[in-house]
Amino acid sequence: MERFNKSVCNCRQVSFEKIEESIKNGADSFEKVVEETKATKGCGRCKSYVEDIVKSKLSK
């Protein structure tokens, strides 16, 4: 998966790196990443993208 410096979640200004950091710090599910980062809590358009990132990172 390609990394971007821009936000994954524009509403909450959550970057790919912030999601990755959340997982490295122990978030072991989509729900926990959302709880920690607040990604998807705005309009929700990024939900499938955030889910894909989390799934990819947790499968490693």
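Check the entry above for the structure.
Criteria and thresholds
Residues numbered from 1 in each chain as written. Predicted model: local features only at pLDDT ≥ 70, side-chain atom pairs only at ≥ 80, totals over all residues. Heavy atoms only, no water. Helix = DSSP H or I, 4+ residues; strand = E, 2+ residues; numbered from the N terminus. Rg over C-alpha atoms; globule rule 2.2 N^0.38 Å. Contact = heavy atoms within 4.5 Å. Polar contact = N/O pair within 3.5 Å; in protein donor to acceptor, adjacent residues only side chain to side chain. Buried < 20%, exposed > 50% of the residue type's maximum accessible area, 1.4 Å probe, protein only. Arc of directions from axis to C-beta.

(A) Main features of the overall build of the protein. Summing up its helical and strand segments, the protein has three helices and two strands in all. Relative to the 2.2 N^0.38 estimate, which gives 10 Å for 60 residues, the radius of gyration of the protein is 10 Å and therefore close to what a compact globule would have. Expressed as lengths along the three principal axes of its C-alpha atoms, the size of the protein is roughly 30 × 25 × 15 Å. Across the protein, contacts joining residues at least 24 apart in sequence account for 47% of those joining residues at least 6 apart.

(B) Structural context of the environment of Glu20. Tracing the chain through its elements places Glu20 in helix α1 (residues 16-24). Once the C-alpha coordinates of Glu20 and Ile53 are considered, the two residues, 33 residues apart in sequence, prove to be 8.3 Å apart. Side chain to side chain, Glu20 and Lys57 meet in a polar contact 2.9 Å long.

(C) Spotlight on helix α2 (residues 30-37). Considered for burial, the residues of α2 that qualify are Phe30, Val33, Val34 and Thr37. Here the buried residues of α2 occupy an arc of 100° about the axis, which is enough to place them on one side. Turned more than 90 degrees away from the buried face of α2, the exposed residues are Glu31 and Glu35.

(D) A look at the environment of Arg45. With respect to the helices and strands, Arg45 occurs in the loop between α2 and α3 (47-58). The class of Arg45 is exposed, set by a relative accessible area of 73%. Residues Arg45 and Glu20 lie 25 residues apart in sequence; the distance between their C-alpha atoms is 19 Å.

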